[in-house]
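Read off the chains here:
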Amino acid sequence: MAGIYLHIPFCKQRCNYCDFYKVLSLEHTERFTEALKSELIERTNYLDSASVHTIYFGGGTPSVLTYEQFNTIFETVFQQYTVDEDAEITLEANPDDLTSEYLHMLSGLPFNRLSIGIQSFDDAELKAVNRRHSAKQAIQAVNDARKAGFENISIDLIYGLPRQSFEQWQQNLEQAFRLKPEHISAYGLTYEEGTGLWKQREKGIVTELPDELMLRMYRYMLQQMSEKGYDAYEISNFALAGCKSRHNSSYWEMIPYLGVGPSAHSYNGSSRQWNKPNLLSYMQGFEQHSYTPEVEMLTENDAYNDFVMVRLRTREGIDLNVLKNKYGQPYYEWCLAQADVYCSSGHLTRTDNRLHLTLDGIEISNSIIASLMKTD
Ligand SMILES: C[S@@+](CC[C@H](N)C(=O)[O-])C[C@H]1O[C@@H](n2cnc3c(N)ncnc32)[C@H](O)[C@@H]1O
Ligand code: SF4
């Protein structure tokens, strides 16, 4: 089993919190599609003939591509890889791209899941982070996607946006539930170094919301998700029954994936590979047959650390038997010894030989994960 991630690095406008790799011109979409095609052909062996059960177009903004460009990419994927008949095939899309015509076009392609980046249903909040769309457009996009036949829709939200009040977050969630998406990803706003928002904070134009308010928003969300039937299967991901993102789950289950496009990462259990975040050198690399990905062979510590990091964020937590079988007794003992203090303080629980974050633990998950990791 394996996944394919395709990074489509184009955006029409820069949202001020975002540090994903992108360029702000659509000039090279055609040339990029050809390079992507070459990469898909050249790197077929990375997945070692494993069947592909998820394909994810992420960005940037994949919803700037045309029917012909998607078609070229799909043809290459289906020719080069064995794709499961019931593969989950997701398109990450921005609401303002999802016109009825565009959705109609998409419904003629193999996509069976849409992940719509809404972030907020409040126009002032959207404006403060330089989003291109309005709340009305976001609602319309979800409704039109339904009309176009999409039955598996996810929406992305961000809480803790600049000047957001608790009540505004409550209203955002209420609006989200009214749309009944199958899946919701909701992230706390992070101030990424070098972004517009980071600079605004440095100049004192915006201030981060206090930790207590962020926690109150998160706790309220957990309670509401549970009431509305959304399973909190990962710290930031919620799904109605049967609608977990198989692609995201694969990352947490450490299933191999091939990431193509500039800045994309790949993992196959023994190595991590990644493409430099540079569109021009990416395209030139394939045109001149001189492309090579960056490669890092995984040490035992790396493999164990990856396992701890991804598993602890999930509701199932770390299965200690699996840990022992995969990485051996010394890692197992190290993990237990490090976890001990958090079990005593109520941040971790151990049941059925699994380690889980408690609600208090989720709030300091990054530091718990860091202490369970092993460095040389
Ligand atoms: C690749 S990004 C954007 C996808 C799409 N281009 C869009 O704008 O909707 C995927 C998601 O990560 C989340 N995200 C990106 N940067 C973030 C940040 N600094 N803090 C919190 N969430 C962030 C947003 O919810 C976003 O929809
Ligand atoms: S959030 Fe999405 S649209 Fe905005 S800059 Fe990032 S990738 Fe582009």
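Moving on, we get to the environment of Gln-338. Residue placement: Gln-338 occurs in helix 13 (residues 329-345). Once the C-alpha coordinates of Gln-338 and Tyr-67 are considered, the two residues, 271 residues apart in sequence, prove to be 52 Å apart. Non-local contacts of Gln-338, meaning those with residues more than four positions away in its chain, are made with Ser-371 and Leu-372. A polar contact of 2.9 Å, which involves the side chain of Gln-338, links it to the backbone oxygen of Ser-371.

Moving on to the side chain of Gln-164. Of note, Gln-164 is situated in the loop between strand 5 (153-159) and helix 6 (166-179). Among the polar contacts listed, one links the side chain of Gln-164 to the backbone nitrogen of Gly-160, at a separation of 2.6 Å. The residues contacting Gln-164, other than those within four sequence positions of it, are Glu-125, Ile-158, Tyr-159, Trp-169, Asn-172, Leu-209, Leu-213 and Met-217.

What follows covers the state of the cysteines. Under the counting rule described, the total for this entry stands at zero disulfides. Of all cysteine sulfurs, the one in Cys-343 lies closest to Cys-335, which takes part in no disulfide; the gap is 9.1 Å. Note on Cys-343: relative accessible area 28%, which makes it partly exposed.

Right, let's get into the pairing of strand 7 (residues 231-234). The side chains of a regular strand alternate, first on one face of the sheet and then on the other. Where strand 7 meets strand 8 (residues 237-239), three bridges bridge the pair, whose relative direction is antiparallel. Looking at strand 8, one finds that Glu-234 is bridged to Asn-237.

What follows concerns the site of ligand 1. The environment of ligand 1 is made up of 16 residues, and the closest members are Gly-59, Gly-60, Gln-119, Arg-131 and Asp-156. Measuring from a nitrogen atom of ligand 1, one finds a side-chain N or O atom of Asn-94 at 3.1 Å. Here Arg-131 contributes a side-chain N or O atom positioned 2.7 Å from an oxygen atom of ligand 1. For ligand 1, whose accessible area on its own is 560 Å², the fraction buried by protein is 91%. Elements represented by at least two residues in the shell around ligand 1 include exactly strand 4 (113-119), strand 5 and strand 6 (183-188). For the shell around ligand 1, the per-class residue count stands at five nonpolar, seven polar and four charged.

Under the domain assignment used here, the chain contains domain 1 (2-252) and domain 2 (316-372). When each unit is reduced to the centre of its C-alpha atoms, the spacing between domain 1 and domain 2 is 30 Å. Listed as interface residues are six residues of domain 1 and, on the opposing side, seven residues of domain 2. Both sides of the domain 1 and domain 2 interface together cover about 550 Å² of buried area, and 62% of this is carbon and sulfur. When the buried surface of domain 1 facing domain 2 is broken down by residue, Leu-215, Arg-219 and Ile-235 rank first, second and third, together holding 66% of it. Run the count over domain 1 and domain 2 and you get three salt bridges.

It is worth spelling out helix 5 (residues 135-147) at this point. Look at helix 5: 19 Å from first C-alpha to last across 13 residues, which is about the 18 Å you get at 1.5 Å a residue. Here helix 5 has its buried residues at Ala-135, Ala-138, Ala-141, Val-142, Asp-144 and Ala-145. Those residues of helix 5 that are buried are in contact with helix 3 (100-106), strand 4, helix 4 (123-128), strand 5 and helix 6. One or two residues past the end of helix 5 sits Gly-149, with phi positive at roughly 100°.

On to unusual backbone geometry. For the bond from Gly-59 to Gly-60, the omega torsion is 20°, close enough to zero to count as cis. Within the element layout of this structure, Gly-60 appears in the loop between strand 2 (52-59) and helix 2 (67-80). Of note, Arg-163 is a non-glycine position whose phi angle comes to about 65°, a positive value. The residue Arg-163 is located in the loop between strand 5 and helix 6 in this model. In this structure, His-289 is a non-glycine residue whose phi angle is positive, near 55°. Inspection of the secondary structure assignment puts His-289 in the loop between helix 10 (279-287) and strand 12 (294-297).

If you check helix 6, its first and last C-alpha atoms are 21 Å apart, about what 14 residues at 1.5 Å a residue would give, namely 20 Å. Of all the residues in helix 6, the buried ones are Phe-166, Trp-169, Asn-172, Leu-173, Gln-175, Ala-176, Phe-177 and Leu-179. For helix 6, the secondary structure elements touched by its buried residues are helix 4, helix 5, strand 5, strand 6 and helix 8 (211-227). Looking one or two residues beyond helix 6, the residue adopting positive phi is Lys-180, at roughly 50°.

Conventions we followed
Residues numbered from 1 in each chain as written. Chains lettered and ligands numbered in written order. Predicted model: local features only at pLDDT ≥ 70, side-chain atom pairs only at ≥ 80, totals over all residues. Heavy atoms only, no water. Helix = DSSP H or I, 4+ residues; strand = E, 2+ residues; numbered from the N terminus. Contact = heavy atoms within 4.5 Å. Polar contact = N/O pair within 3.5 Å; in protein donor to acceptor, adjacent residues only side chain to side chain. Disulfide = S-S within 2.5 Å. Buried < 20%, exposed > 50% of the residue type's maximum accessible area, 1.4 Å probe, protein only. Pairing = 2+ DSSP bridges. Near = heavy atom within 4 Å. Areas by Shrake-Rupley, 256 points an atom, 1.4 Å probe, with all protein chains shown as cover. Nonpolar A, V, L, I, M, F, W, Y, C, P; charged D, E, K, R; others polar. Domains from an automatic or database assignment. Buried area = accessible area lost by both parts, 1.4 Å probe. Salt bridge = Lys/Arg side-chain N within 4 Å of Asp/Glu carboxyl O. Expected span 1.5 Å × (residues − 1).

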